[in-house]
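Coordinate analysis (summary)
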Amino acid sequence: MDANMVNSNCNGNQHQKLPVGVDGFEKLRRENFYYIDKTSMIRDLLQSWGEVNLFTRPRRFGKSLNMSMLKSFFEIGSDATLFDGLEISKETDLCDQYMGKFPVILISLKGIEGNTYEFARNLAVKVINEEARRLQFLLESENLSAKDKELYTLLLNSDMDDETLVYSLKEMSEFLYKHYGKKVIILIDEYDVPLAKANQNGYYKDMVGLIRGMFNQALKTNDSLQFAVMTGCLRVSKESIFTGLNNPKVFTVSDNRFSNSFGFTDEEVIAMLEYYGADGCYETTKEWYNGYRFGDTNVYCPWDVINFCDELRFDLTARPKNYWINSSGNDVVRRFVACADAGRTKSEIEALVAGEVVTKEIHEELTYNEMYESIDNIWSVLYTTGYLTLAEKPMDDNYRLQIPNREIRNIFTQQIMALFKENVRKDGERLSEFCDALKTGDAAEVERIFTDYLDKTITIRDTAVRNEKKENYFHGILVGILGFKDEWYVKSNEQTGDGYCDILIEIEREDIGIIIEVKYADRAKYTEALDAAFHQIKELDYVNKLRNEDFHTVYKYAIACFKRRCRVRCEKEIFEAEE
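The notes below deal with the structure included here.

Thresholds, definitions, all that
Residues numbered from 1 in each chain as written. Predicted model: local features only at pLDDT ≥ 70, side-chain atom pairs only at ≥ 80, totals over all residues. Heavy atoms only, no water. Helix = DSSP H or I, 4+ residues; strand = E, 2+ residues; numbered from the N terminus. Buried < 20%, exposed > 50% of the residue type's maximum accessible area, 1.4 Å probe, protein only. Contact = heavy atoms within 4.5 Å. Areas by Shrake-Rupley, 256 points an atom, 1.4 Å probe, with all protein chains shown as cover. Lys, Arg positive; Asp, Glu negative; His and termini not counted. Charge placed at Lys NZ, Arg CZ, Asp CG, Glu CD. Salt bridge = Lys/Arg side-chain N within 4 Å of Asp/Glu carboxyl O. Core = buried A, V, L, I, M, F, W, Y, C linked by side-chain atoms within 4.5 Å. Phe/Tyr/Trp six-rings, centres within 6.5 Å; stacked < 30°, edge-to-face > 60°. Lys NZ or Arg CZ within 6 Å of the ring centre and 35° of its normal. Patch = residues over 30% accessible without salt bridge, like charges linked within 9 Å, V, L, I, M, F, W, Y side chains within 5 Å.

Glancing now at the overall build of the protein. A tally of regular secondary structure across the protein gives 22 helices and 18 strands. When its C-alpha atoms are laid out on the principal axes, the protein stretches across 105 × 55 × 50 Å. Counting over 579 residues, the protein shows a buried share of 55%. Put simply, 71% of the contacts in the protein that link residues at least 6 apart link residues at least 24 apart. Of the roughly 25500 Å² of accessible surface on the protein, a fraction of 43% belongs to carbon and sulfur atoms. Both charge centroids of the protein, one from 73 positive and one from 97 negative side chains, sit 2 Å from each other.

As structure tokens, then:
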């Protein structure tokens, strides 16, 4: 597909800037940023809108940019040329009827977070102050009474009381309606962020009260409202926030409607990569950042694709990174891994990480204070926030779930390893037993304790990689254990002799060196794996470095691993000091 079909404002041979961190539609269009056309969302919204419309999508999927786009389209005085060449411009009747015809209020709640309710409430006041200043021309309106203007002035004050704050959006819309004689469109971006932060910091009940009050006034009993659009990550239950609203229309990640309005489709990503001369990186981009399923549409995370493409512009050998994990916390995965017991959930996590599918009952309507009440609720949160996605369209409440791509798999594996290391650190006695066995050549005890470690942690396996890659997990577990032995010098993939041994340990005080070679025992063929490990140690002379550094005693370990089991063999070698 030609890039111009997606990105209408290409400028000859001059490549456009990539909008890394840019979520303002007008800025993006005026300043020659690359834009993937999502304006068909406007047409779809106008053809099916309800009085209140809620879109739930994971973070970094273009929610804020789409809200800015809606404002630029509907707001009185907006610049119609911003939409030249875009999909919505083909809908001439809709443009004539709706473009630039309505007053618009746009607020974003994504910055409302704090350790206390008082601080978060003050941030909410600042959000209202900012929008009131943008609309400050209302103070000059001949259609507003002196009392109206007195009330409007209160919306500009940083010390507004609770009553003013609760009524702020409703009153702002009333004043706009009086000024223009047109009903108002209210856009509320990331409506649920204050609730998430409040739940984390212990003032959830107070924040629910504030948000419920503001929404009820603005969205339930507001004769000045044309319609409202809201975005968020979770569909917070009606009983919690939307009490009394007349059946708001909710478009979740499971819904076919607007399924391609958030996120990039495969066609759009191909066009972007081609435009920047990085089409050879398509398969890597797909492996790392595709795999999300919204309704019947497979999509990529825009944040990831834009960041990766921006690096590829200057270096086609750039390696993909975990951009999404670095843009916010991943507390839900950490809690999920920590809650996994030794039974079914642990096995299900292992299946997901291995690229398999797990069937779970999902409830898309929760309250934030219910998120971690049960492991079943956490499954639902993982799905709605993008850590898991549909393998296929659900026929009922039972969803077939999978990890969408390599980036999200990395989030799971990092949290699994972090929890494992935390548990190793806590159990100093077992760590000492394991290290004592290693430094005395007690292969049976090393095997027993390491098997116990493997049995109690979540196994990371990937059925799609070669056997030598499968060894990396067991290698990582060993390094994670040994990293807490402060007086030991532990090196991973250390060059010695004619190759690189998996793990080399120097215990200088005791003049002991240890070589460890890890092998994956495919189909539990432990003997073959152990023989291969010792052959490699000998053939590549891994003891060379320790010999040259005059270590007296060297233990050579072959460790063969398969699933949760291992076999260990050890050989001891003594080097006499040269006179």
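Counting through the fold element by element, R121 comes out in helix α6 (residues 117-134). Classification of R121 by relative accessible area gives buried; the value is 13%. Separated by 41 residues in sequence, R121 and D162 have C-alpha atoms that sit 9.2 Å apart. Leaving out residues up to four positions away in the same chain, R121 has contacts with M160, D161, D162, L165 and L210.

Following the criterion strictly, the structure yields 46 salt bridges and no others. When the shortest N-O distance is used, the salt bridge between R43 and D44 registers 3.2 Å. Between K556 and E573 there is a salt bridge, with its nearest N and O atoms 2.8 Å apart. Placement of the pair is K556 in strand β17 (residues 553-562) and E573 in strand β18 (residues 565-574), with a sequence separation of 17 residues. The class of K556 is buried, set by a relative accessible area of 13%. Given the relative accessible area of 24%, E573 is considered partly exposed. One connected set of salt bridges, linked through shared partners, spans K491, E494, E506, K545 and E549.

Here we come to the nonpolar core. If you look at the biggest cluster of nonpolar residues, it comprises 168 residues, and the most contacted ones within it are F215, F450 and I516. For this core, the element with the highest residue contribution is helix α10 (residues 204-220), accounting for 9 residues. When sequence neighbours within four positions are dropped, the list of residues in contact with I516 reads L438, L478, L482, D502, I503, I505, Y557 and I559. Ranked by size, the runner-up nonpolar core spans 33 residues in total, among them F25, L94, C95 and F262.

With that out of the way, let us pick up the packing of aromatic side chains. The geometry of two aromatic rings is summed up by the distance between their centres and the angle between their planes. Inspection of every chain in the model, using the stated rule, returns 32 aromatic pairs. Taking the centre distance of 5.5 Å and the plane angle of 85° together, the rings of F73 and F83 count as edge-to-face. With F73 in helix α4 (residues 63-74) and F83 in the loop between α4 and α5 (92-98), this pair connects stretches of sequence that are 10 residues apart. Looking at F73, the relative accessible area reads 0%, which means it is buried. Overall, the relative accessible area of 1% leaves F83 in the buried class. Measuring from centroid to centroid gives 4.7 Å for Y275 and Y276, while their planes differ by 85°, and the two rings are edge-to-face. Y275 sits in the buried class, given a relative accessible area of 12%. The buried category is assigned to Y276, whose relative accessible area is 5%. Here the guanidinium or amino end of R59 rests over the ring plane of W324, the centre of that ring lying 4.1 Å away. The ring of Y453 carries R430 above its face, with NZ or CZ at 4.0 Å from the centroid.

On to a negative patch on the surface. Side chains of E361, D376, D396 and D397 sit close together on the surface and give a patch of like negative charge. Relative to the helices and strands, D396 resides in the loop between β12 (389-390) and β13 (398-402).

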